[in-house]
Every structure is written in structure tokens, then in C-alpha cells.
Amino acid sequence: VFRASLKDYLGAAVSPADLNRCWAHSIACAEIAKILASGLNFPPDIALAAGLLHDLGRFGLAMAEPGKHRQLVNGEGYVDVLDTERALFGIDHTEAGRILADRFQFPEEFRVIAGRHHDHIRSDEPDMLSVVSVACSVASAVGFSVIPPSLPRTLDDVIRDAPLPMRGRISPDVEGWTTALLNALGSS
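Everything in this summary refers to the structure shown in the same document. Small disclaimer: the values here were computed from a predicted structure and weren't measured.

## Some thoughts on the packing of aromatic side chains
Alright, step 1. One pass over the full model with this rule turns up one aromatic pair.
Alright, step 2. Seen in terms of ring centroids, F104 and F106 are 5.7 Å apart; in terms of plane orientation they differ by 45°. Their pairing is tilted.
Alright, step 3. Judged by relative accessible area, which is 47%, F104 ranks as partly exposed.

## A few points about the state of the cysteines
Alright, step 1. Tallied over the full model, the rule gives zero disulfides.
Alright, step 2. The cysteine C29 is free of any disulfide, with C136 supplying the nearest cysteine sulfur at 5.1 Å.
Alright, step 3. By relative accessible area, which is 4% here, C136 ends up buried.

## Things to note about the packing of helix 3 (residues 44-53) against helix 8 (residues 108-116)
Alright, step 1. Put simply, helix 3 and helix 8 touch, their axes get as near as 9 Å, and they point 40° apart. As far as their axial angle goes, helix 8 and helix 3 are oblique. Considering how the two elements wind past one another, helix 3 and helix 8 form a crossing that is right-handed. In this structure, helix 3 contributes I46, A49, A50 and L53 to the contact, and helix 8 contributes E109, F110 and I113.
Alright, step 2. Looking at the contact of helix 3 with helix 8 residue by residue, the classes come out as six nonpolar, no polar and one charged.

## Topic: helix 6 (residues 81-89)
Alright, step 1. Residues V81, L82, E85, L88 and F89 constitute the buried set of helix 6. Mapping the buried residues of helix 6 onto a view down its axis gives an arc of 130°, with all of them on the same face.
Alright, step 2. The inward-facing, buried residues of helix 6 abut helix 4 (56-64), helix 5 (66-73) and helix 7 (93-103).
Alright, step 3. The opening residue of helix 6 is D80, an N-cap whose side-chain oxygen sits 3.3 Å from the backbone nitrogen of L82.
Alright, step 4. In the stretch just after helix 6, G90 is the one whose phi turns positive, near 80°.

Definitions and cut-offs
- In this numbering scheme, every chain counts its residues from 1 along its sequence in written order.
- Under the rules for a predicted model, residues below a pLDDT of 70 receive no local features and side-chain atom pairs below 80 are neither given nor counted, while totals for whole chains, interfaces and linings still include all residues.
- Calculated side-chain values reflect all of the structure's heavy atoms, with hydrogen atoms and water omitted.
- Aromatic pairing here means that ring centres of Phe, Tyr or Trp (its six-membered ring) are within 6.5 Å. Orientation follows from the plane angle: under 30 degrees is stacked, over 60 is edge-to-face, and everything else is tilted.
- When a residue's accessible area, from a 1.4 Å probe over protein chains only, is under 20% of the maximum for its type it is buried; when over 50% it is exposed; and in between it is partly exposed.
- Count a disulfide wherever a pair of cysteine sulfur atoms falls within 2.5 Å.
- Geometry is summarised by axes, namely lines fitted to C-alpha atoms with helices restricted to the contacting stretch, and by angles between N-to-C directions that run from 0 to 180 degrees.
- To qualify as a helix, a DSSP run of H or I must reach at least 4 residues; to qualify as a strand, a run of E must reach at least 2; elements of each kind are numbered from the N terminus.
- If an angle is under 35 degrees, it is roughly parallel; if it is over 145, roughly antiparallel; if it lies from 65 to 115, roughly perpendicular; otherwise it is oblique.
- Throughout, a crossing is termed right-handed when the near helix is turned clockwise from the far one, and left-handed when it is turned anticlockwise from it by less than a right angle.
- Contacts were defined at the residue level, with two residues in contact if any of their heavy atoms lie within 4.5 Å.
- Only Asp, Glu, Lys and Arg are considered charged, only Ala, Val, Leu, Ile, Met, Phe, Trp, Tyr, Cys and Pro nonpolar, and every remaining residue, Gly among them, polar.
- Directions drawn from the helix axis to the C-beta atoms are what define this arc.
- Polar contact is defined as a pair of N or O atoms within 3.5 Å, subject to the rule that within protein one atom must be able to donate a hydrogen and the other to accept it, and that residues adjacent in sequence are counted only when both atoms are side-chain atoms.

Here's what the structure looks like:
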């Protein structure tokens with residue numbers, strides 16, 4: 001339902017290839033968040049929804065400025081995504097996500113996740129923000145990024161930097177993640 005709504009909402013503003021990259025990242029993040037959450041006694045359905053919606057601001061930027069969004073996602077080489085978004089749009093997708101989540105009156109937890117999922121996690125006390133943040137990093141590390149980051153992180157980097165209670169929940173098997181996530185995408 002979310003994908004169909006996005007496709008209808010964005011219409012011709014976003015190319016199918018760009019929409020598919022954004023969608024693949026959101027699905028990957030959602031699936032990984034669900035797995036992490038279930039091992040931490042957080043509601044997996046909430047983690048799945050939060051993972052789907054974490055990049056809400058990215059879709060908002062694409063709708064508001066489709067030409068600039070195409071320039072961003074089709075740029076060459078590695079970029080600092082947030083800095084590049086601020087240079088192109090005057091705002092990054094996390095700030096835009098928080099604004100949209102406020103406007104749509106999402107629960108506060110979803111507002112925080114949309115606005116802070118790229119923040120550095122400083123605690124070993126997991127919460128839903130850290131679950132989605134780590135899930136977003138895992139998705140990117142195993143090949144489901146929207147835009148190649150300026151400092152690519154390996155899956156081992158992500159595991160090392162994750163809150164301690166999550167480390168054992170993140171398999172270091174990149175190929176296993178890729179297969180599982182491709183299967184999840186095939187069913188979405």
C-alpha cells in the first residue's frame with residue numbers, strides 16, 4: 001500500500017529507477033529493523049513501519065525538486081549525502097523527514113526516527129531510533145544504499161559500531177543479507 005501510494009503521489013516527478021532504489025533501501029531497512037527489534041523485545045511491526053518511513057524526507061525532497069533529486073541520485077562517485085542535500089535543497093532528507101512526519105502527525109517516535117536516523121549512536125541502551133539507524137547502515141553496507149556514501153562502511157564496521165546488544169543479531173554474512181533482502185523485495 002505504501003509503495004503504491006508513493007508511486008501515485010510522486011507520479012512522473014521521480015524516475016522509476018530512482019524510486020526503485022529508494023524503495024529497495026526502505027524495504028531493506030524495514031526488514032533488518034524487524035529482525036533487530038525482535039531480538040531486543042521491541043515490537044517488530046513498529047520497527048518494520050519505522051524502517052519503511054525513515055526516509056520519508058528523501059521522498060519529500062524528490063517530489064519538491066525532482067530535477068535536483070535526479071542530480072543527487074545520479075551523481076558520480078561517493079558523496080556526503082546530507083551535505084550534498086543541504087547544498088542542493090537547502091535542507092537534508094532527515095530535516096525534511098521530521099517536518100513531514102510532524103505535518104502528517106506521526107507518533108513522536110517516528111518523527112524522531114525520520115529526523116535523526118543518521119545521527120551517531122552513543123549508547124549501548126538500544127531504542128527504536130538506534131534499531132532503525134543500525135538497520136539503515138546495514139542496508140547500505142550490504143548494497144542497498146540509495147546514494148554511495150562518501151565514507152563507505154563495511155558490514156564489519158557497522159557491527160563494530162552498533163550498540164552492544166545488537167551486535168550478535170547482525171550476521172556478518174553479506175551474501176546472506178543480500179539474498180534475504182532480495183527475496184523480501186521480490187515479495188513487496
